[in-house]
Amino acid sequence: MQIAFYLSGLVAILATLRVVTGTHPVHALLYLIVSLIAVAMVFFALGAPFAGALEIIVYAGAIMVLFVFVVMMLNLGESAVEQERAWLQPRAWMGPAILTAVLLIVMVVTLASGDYDGSISGETLTAKMVGMSLFGPYLVIVELAAMLLLAALVAASHLGRSEAHDEADLARERQRELNEQASAVASGETSIHTREESRDTQEGKA
Amino acid sequence: MPIGDVLPEISLTLGAVAIVLFASFVRQRQHHWAAVLALLAIGLGAGLTVAQWGGAPRLTFSGVWALDGVALASKLVVLVAGALVVAMSPEWMRTDRRHGEYYALVLFALLGVIMMASASDTMELVLGVLLSSVASYPLAAYHRGWAPALEAGMKYFLIGALTNTLLTIGVVVLFGLTGSTGYPDIAQTLATDSDRLALTIATACVVLGLTFKLAAFPAHAWMPDVAQGSPVPAAAFLTVIPKVGAAVALARFVSLLPPDVASRAIVALISVATMTLGNVAALRQTDVRRLLGWSSVSQSGYALMAIVVLGVSDQALPALVFFLASYATANLAAFAVVTHLRGRTALDDYRGLARHAPIAATILIVSLLSLVGIPPLVGFFGKLMLFRVTLDGGYAWLALVAAINTVVSLFYYLRIVAPMMFGNHRSAVHVLSGQWARATMAVAGVLLIVGGLGAEALSLFTESIRFAL
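Residues numbered from 1 in each chain as written. Chains lettered and ligands numbered in written order. Predicted model: local features only at pLDDT ≥ 70, side-chain atom pairs only at ≥ 80, totals over all residues. Heavy atoms only, no water.

Per an unreviewed UniProt entry, chain B goes by the name NADH-quinone oxidoreductase subunit N and belongs to Salinicola corii. What the UniProt record of chain B gives under Catalytic activity (unreviewed entry) is the line "a quinone + NADH + 5 H(+)(in) = a quinol + NAD(+) + 4 H(+)(out)". Regarding chain B, the UniProt comment filed under Subunit (unreviewed entry) reads as follows: "NDH-1 is composed of 14 different subunits. Subunits NuoA, H, J, K, L, M, N constitute the membrane sector of the complex." (UniProt positions renumbered as here; feature names shortened; annotations may be inferred.)

Looking at an unreviewed UniProt entry, one finds chain A named NADH-quinone oxidoreductase subunit J and attributed to Salinicola corii. If you open the UniProt record of chain A and go to Subunit (unreviewed entry), you find "Composed of 13 different subunits. Subunits NuoA, H, J, K, L, M, N constitute the membrane sector of the complex." Per UniProt, chain A has the following entry under Sequence similarities (unreviewed entry): "Belongs to the complex I subunit 6 family."

**Thoughts on helix α12 (residues 263-283) of chain B**
All names here are of chain B. Along its 21 residues, α12 runs 30 Å from first to last C-alpha, staying within 8% of the 30 Å computed at 1.5 Å per residue. Taken residue by residue, α12 has S263, V267, A268, I270, S271, V272, T274, M275, G278, N279 and A282 as its buried positions. In the core, the buried residues of α12 are packed alongside α9 (196-214), α11 (232-254), α13 (288-308) and α18 (396-422). (Helix = DSSP H or I, 4+ residues; strand = E, 2+ residues; numbered from the N terminus. Expected span 1.5 Å × (residues − 1). Buried < 20%, exposed > 50% of the residue type's maximum accessible area, 1.4 Å probe, protein only. Contact = heavy atoms within 4.5 Å.)

**Some thoughts on the UniProt feature "transmembrane region" (unreviewed entry) in chain A**
Residue and element names in this part refer to chain A. UniProt tags residues 6-21, 28-50, 56-76, 97-114 and 134-156 as "transmembrane region" (unreviewed entry). Span residues 28-50 is 91% helix and 0% strand, its end C-alpha atoms 27 Å apart. The distance from the first to the last C-alpha atom of residues 97-114 is 25 Å, and the span holds 94% helix and 0% strand.

**Details of the side chain of H220 of chain B**
Position of H220 of chain B among the secondary structure elements: in the loop between α9 and α10 (222-229). Every residue in contact with H220 of chain B, bar those within four places of it in the chain, is listed here: A215, L277, W294 and V297 of chain B.

**Brief notes about the packing of α12 of chain B against α18 of chain B**
Residues and elements named next belong to chain B. In the contact formed by α12 and α18, the axes pass within 9 Å of each other and the chain directions differ by 20 degrees. Viewed along their axes, α12 and α18 adopt a mutual orientation that is roughly parallel. Seen from above, α12 lies across α18 with left-handed handedness. The residues of α18 that touch α12, namely those facing A268, S271, V272, M275, T276, N279, A282 and L283, are W397, L398, V401, A402, N405, V408, S409, F411, Y412 and R415. (Axes fitted to C-alpha atoms, helices over the stretch in contact; angles between N-to-C directions. Parallel < 35°, antiparallel > 145°, perpendicular 65-115°, else oblique. Left-handed = near helix turned anticlockwise from the far one by under 90°.)

Given below as C-alpha cells:
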C-alpha cells in the first residue's frame with residue numbers, strides 16, 4: 001500500500017503543478033480532475049475507501065464536470081491563454097510560493113525530528129460503517145438534515161423567483177377562473193342569479 | 001427505533017410537507033387554508049407533547065435527543081407561540097402572491113427551534129440552529145419587493161452566516177477536545193481533564209453562535225431592523241420563538257462545562273451588556289416596532305441571568321422557562337396588536353388610540369406593562385422568579401443591574417402608552433379587515449391576564465423540571 005500511496009501522491013502533486021502552470025483553461029481543468037482522482041487514490045491507500053469514493057463522486061464527478069461545462073460556456077479563446085501567460089509572472093506567484101515553502105519546511109522538520117517511522121497504518125473505514133453510524137446514533141440528525149434541505153429549497157424558490165414571474169402566474173390563474181365561469185355560463189347551466197354574481201366579481205377585479 | 005419519542009416533531013414535519021404540496025397545486029386565493037393546516041399540525045404536536053409530559057427525564061435516539069421537563073416545557077411554549085403567530089398571519093399575508101409557503105417556513109422554523117431545545121448532541125444543535133435560521137431568513141424578507149424587508153432579511157442573513165460559522169467552529173474544537181459529539185460523553189471527558197484554553201475558545205464560540213438566535217449582544221444588530229422592516233407576523237415570530245430554543249440550548253450547553261471554565265463570567269457579561277444596550281437604545285426611539293425590537297434585545301439580557309446561576313440555584317431552570325413563556329406571551333400580544341393595526345409603526349400614529357380602538361389599546365398597554373413586570377400580569381411572575389434565583393445564586397450585583405434596567409425600561413414603555421391615552425388623533429383608525437388578527441390579539445391579551453392569575457398553579461408544573469443529563 002505504501003507504493004500506491006507515494007505513487008498517487010506524486011501524481012497528485014505533478015497534476016496540480018500542471019493546473020497552476022497550464023495556460024489553457026480546459027487543459028488545466030483536466031489536470032485538476034487527474035489531481036482529484038490521485039487524491040482519492042491516496043485516501044484508498046490510507047484505508048479510507050469511503051472518503052476516496054466520495055472524493056471521486058462529488059469532486060471529480062459532479063463539481064469538476066460542472067466546471068468544465070462553465071468553462072466551455074464562457075468560450076474562452078486565445079486571449080484567455082495570453083492573459084494566463086501574463087499572470088504567470090514571478091511577482092504573481094512569489095508570495096504564495098514563499099508561504100507554502102514555510103509550510104513545507106515545517107512539515108519536513110516535523111517528519112524528520114518526530115518518532116514517525118514512515119509506515120502507514122490505520123483501520124479501514126468502510127461505507128458500511130459510515131452508513132451504520134449515520135442511520136444508528138445519528139438517525140434523527142440525518143432525517144432532520146433532509147428537512148433542512150427542503151426548507152432551504154422552499155426559501156430559495158420563494159426569494160429567487162422574480163416578481164414579474166409571479167404576476168404572470170397570477171394573471172394566468174385569474175384568466176383561467178374567468179374562462180371557467182364563461183364556459184359555465186355558455187353551457188346554460190347557471191341561473192341568472194349566479195351570472196350576475198360572476199359579473200360582479202369581474203367588475204370588482206377590474 | 002423509539003418513534004413515539006419524536007411524534008410532535010413528526011407531526012410538524014408532515015404538516016410542513018403537506019403545506020408545501022398544498023401551496024404548489026392550489027390557487028392563490030385558497031392559500032389561506034394553509035394557515036388552518038399549520039394550526040392543525042401545531043395543535044397535534046402540542047397535544048402529543050402534553051402526552052409525553054410526566055415521564056422521567058431521559059435521552060433517546062442513542063442519546064442525541066433529550067426528553068425532559070425543560071425540553072417539553074419549552075416545546076409547549078414554542079408551539080403555543082407558533083400557533084399565535086400563524087393565527088395572526090392570514091390577513092396580513094393575503095395580498096402576497098405566494099403566501100402558502102409562509103406557513104410551511106413557519107413550521108420548519110418551529111421544528112428547528114424545537115431541535116435546539118431538545119438537542120443533546122452538538123451536531124444536532126448545529127442542525128437545529130441552521131434549520132431555524134434557514135427557514136427564518138425568507139420569513140424576514142417575505143415581502144421581497146419591499147426594500148426595508150429585504151434590508152432586514154439581508155442583515156439577519158449576514159449576521160446569521162457569521163455566527164453560525166462561529167458556532168460550527170466551536171463545535172469542531174469541542175469535538176477535537178473530547179472526541180465525541182454527544183453531551184453525556186462531552187461532560188464526562190471535560191470533567192476529567194482537557195486543555196482549558198481550547199475549551200474556553202470553544203465555549204466562547206458556541207456562546208457567541210447562540211447569541212445570534214437569542215438576539216443578545218454582540219449579535220443583536222438584526223433585531224431592531226427585523227422588528228421594523230419585516231412583515232409584522234414574521235417579526236413577532238423572530239423576536240420570540242428562536243429565543244426560547246436558544247436560551248434552553250445555551251443552558252443545556254453551559255451545564256456541561258466544568259466549574260473552572262469562566263462560562264458564568266462570559267454569560268453574566270453578555271447579560272449585562274445586552275440588557276443595558278437594549279434599554280439605552282430603546283430610550284430615544286420614536287418608532288414603535290423598532291422600540292419593540294430593542295426591548296426584545298433587553299429582555300434576552302434578563303433571560304440570560306437564569307443561565308448565569310444555573311447549577312448554583314436549583315430553581316434556575318424553572319425560572320428561565322417561566323420567564324421565556326411570560327415574555328413570549330407579552331411580546332406576541334404586542335405584535336398582534338401591531339398586526340391588527342396594519343403594522344403602523346410611527347409613535348405619532350398611536351396618538352389617541354385608546355379613544356378610537358379601545359380594545360387594541362388596552363391589550364397593547366397590558367402587554368407593555370407585562371414586559372416591564374407589573375403585577376398581577378404574567379410578566380411580573382417571570383421577572384420575580386428570575387430575580388429570586390439570581391439573588392439565591394449570589395449574583396446580587398447582576399440583580400441590581402437588572403432592577404435598574406427595569407426601572408429605565410418603564411420610561412420608554414410609558415412613552416408609547418402616554419400618547420395613546422391622552423393624545424388626540426385626527427382621522428379614523430385603519431385596521432386589518434377580517435377576524436384572524438383581531439381574535440389572536442384577544443386570545444393573547446386573555447392569556448396575559450389568565451397567566452398572571454394562574455401563575456402559582458403554572459409554576460407548580462414547572463418547578464421540578466431539570467435536564468436529563
